Number of protein chains: 2
Amino acid sequence: MSTNTADSYSISELAQEFGITTRTIRFYEDKGLLTPQRRGQTRVYTPEDRVRLKLILRGKRLGFSLDESREIIDMYDPAHGNVEQLNRLLDRIDAKRQQLRQQQRDIEKMLAQLDDATARTEAALKEHSN
Amino acid sequence: MSTNTADSYSISELAQEFGITTRTIRFYEDKGLLTPQRRGQTRVYTPEDRVRLKLILRGKRLGFSLDESREIIDMYDPAHGNVEQLNRLLDRIDAKRQQLRQQQRDIEKMLAQLDDATARTEAALKEHSN
DNA sequence: GTTGACGTTTACGTTAACGTAAACTTTAAT
DNA sequence: ATTAAAGTTTACGTTAACGTAAACGTCAAC
């Protein structure tokens, strides 16, 4: 467990903090989403690893696949060389933006729908008090 | 195909309109999300069926499972009898609202991240013009 | 020195959401 | 009549994202 110096985490610390299993974290590593260091055989996670994990889980809440989350995370680091690649990156970023905007609209509509459902249900409840 | 009187649709009409396969539509029926009528052996979809399909796909874009989408769709119809059930329904509706609000926050953060990514990428591009 | 908590690898199992294909029927058009 | 297009059922296949279990190592504590 080691004293949490706040610049390294064990796998179970992260698992507990985010409410997931260690299996899940190792799975993400298998898929290349995390690449922790090793102290001997044991995985050691940096704050950057933790941030990546956070981003993965955020993507998950939005219904993204691990591949999509990986793509988004990689977008933040334009270490990709030539001009053409950078332009394609800009396009992919824009595409994701469009997708998120669509999701925003979908959420708005669904929230309105829920308001409607609440109203109807409360109406049904008032019926019962008669 | 039949003349589209706008009050009934064939399975392939719906498939084409929403960019999915007929297999998918039949699968949703298998899962109890759609219950079209039959003209002989052939499925005939009403505008209400079409709306349900639309809601399913909206849920899908938000990362919902079919079970979740079914739940949300069913929320709109409080045909459920007693007071206790109605109160539980109100709770479930509220829970969904919370979830959608969380998604809104996630989207905001991710959009900010994308803006950041765009800025960085454009900066990297300007580097190339030197 | 053994127990228990935590870590590791390897591997098979499971569920959701369809894809794909076969084998057949019905309807529309040539 | 014979295609061609669209429909049907049945059933096996596939992928993603883990769950579950076995079998083992390590190390601090009693």
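Our subject is the structure listed above.
Bear in mind that the values here come from a model prediction, so they are computed numbers and not experimental data.

Cut-offs used in this document
- Per chain, residue numbering runs from 1 following the sequence as it is written.
- Key to labels: chains lettered from A, ligands numbered from 1, both in the order written.
- In keeping with the model being predicted, local features are shown solely for residues with a pLDDT of at least 70 and side-chain atom pairs are shown and tallied solely at 80 or more, while totals for entire chains, interfaces and linings include all residues.
- Working from all heavy atoms in the structure, the side-chain values ignore hydrogens and water.
- Each patch groups residues whose relative accessible area exceeds 30% and which form no salt bridge, using 9 Å between like charges and 5 Å between nonpolar side chains of Val, Leu, Ile, Met, Phe, Trp and Tyr.
- Using the Shrake-Rupley algorithm and a 1.4 Å probe, accessible areas are obtained, with residue cover drawn only from the displayed protein chains.
- Salt bridges, as used here, are contacts in which a Lys or Arg side-chain nitrogen is within 4 Å of a carboxyl oxygen on Asp or Glu.
- Charge convention: Lys and Arg are scored as positive, Asp and Glu as negative, and His as well as the terminal groups of each chain are ignored.
- For this purpose, a charge sits on NZ of Lys, CZ of Arg, CG of Asp or CD of Glu.
- Secondary structure elements follow DSSP: runs of H or I no shorter than four residues count as helices, runs of E no shorter than two count as strands, and numbering proceeds from the N terminus.
- Only protein chains enter the accessibility calculation, which uses a 1.4 Å probe; a residue whose area is less than 20% of its type maximum is buried, one above 50% is exposed, and one in between is partly exposed.
- Any residue with at least one heavy atom within 4 Å of a molecule or strand is counted as near it.
- Definition of a polar contact: a pair of N or O atoms within 3.5 Å, with one able to donate and the other able to accept a hydrogen when the atoms are protein atoms, and with sequence-neighbouring residues admitted only if both atoms are side-chain atoms.
- Two residues qualify as a contact provided that any one of their heavy atoms is within 4.5 Å of a heavy atom in the partner residue.
- Note: buried area is the sum, over both parts, of the accessible area (probe 1.4 Å) each one loses when the two are combined.

**As for a positive patch on the surface**
Taken together, Lys54(A), Arg101(B), Arg105(B) and Lys109(B) make up a surface patch of like positive charges. In terms of residue count, helix H5 (residues 83-128) of chain B provides more of the positive patch than any other element does, 3 residues in total. Within the fold, Arg101(B) resides in helix H5. What makes Arg101(B) partly exposed here is its relative accessible area of 37%.

**What about the protein's contact with DNA strand C?**
Around DNA strand C sit 18 residues in total, of which Ser12(A), Arg26(A), Arg43(A), Tyr28(B) and Leu66(B) are the nearest. Protein-adjacent atoms of DNA strand C, using a 4 Å cutoff, are sugar or phosphate at a proportion of 70%. Side-chain polar atom of Arg26(A) to a phosphate oxygen of DNA strand C: 2.6 Å apart, as the coordinates give it. Side-chain polar atom of Thr24(B) to a phosphate oxygen of DNA strand C: 3.3 Å apart, as the coordinates give it. The set of elements that each furnish at least two residues to the surface near DNA strand C consists of helix H1 (11-18), helix H2 (22-30) and strand S2 (42-44) of chain A together with helix H2 (22-30) of chain B. With 4 residues, H2(B) is the largest single contributor of residues to the surface near DNA strand C.

**Notes on the interface of chain A and chain B**
The interface is formed by 43 residues belonging to chain A together with 43 residues belonging to chain B. Contact between chain A and chain B buries roughly 4,300 Å² in total, counting both sides, with carbon and sulfur atoms accounting for 68%. Where chain A packs against chain B, one counts 6 salt bridges. Here Arg58(B) and Asp106(A) are joined by a salt bridge, their closest N and O atoms 4.0 Å apart. Our count for the contact surface shared by chain A and chain B stands at 14 residue pairs in polar contact (both at pLDDT 80 or more). The set of elements that each furnish at least two residues to the side of chain A that touches chain B consists of helix H3 (47-61), helix H4 (66-75) and helix H5 (83-128) of chain A. A per-element tally of the side of chain A that touches chain B places H5(A) first, with 30 residues.

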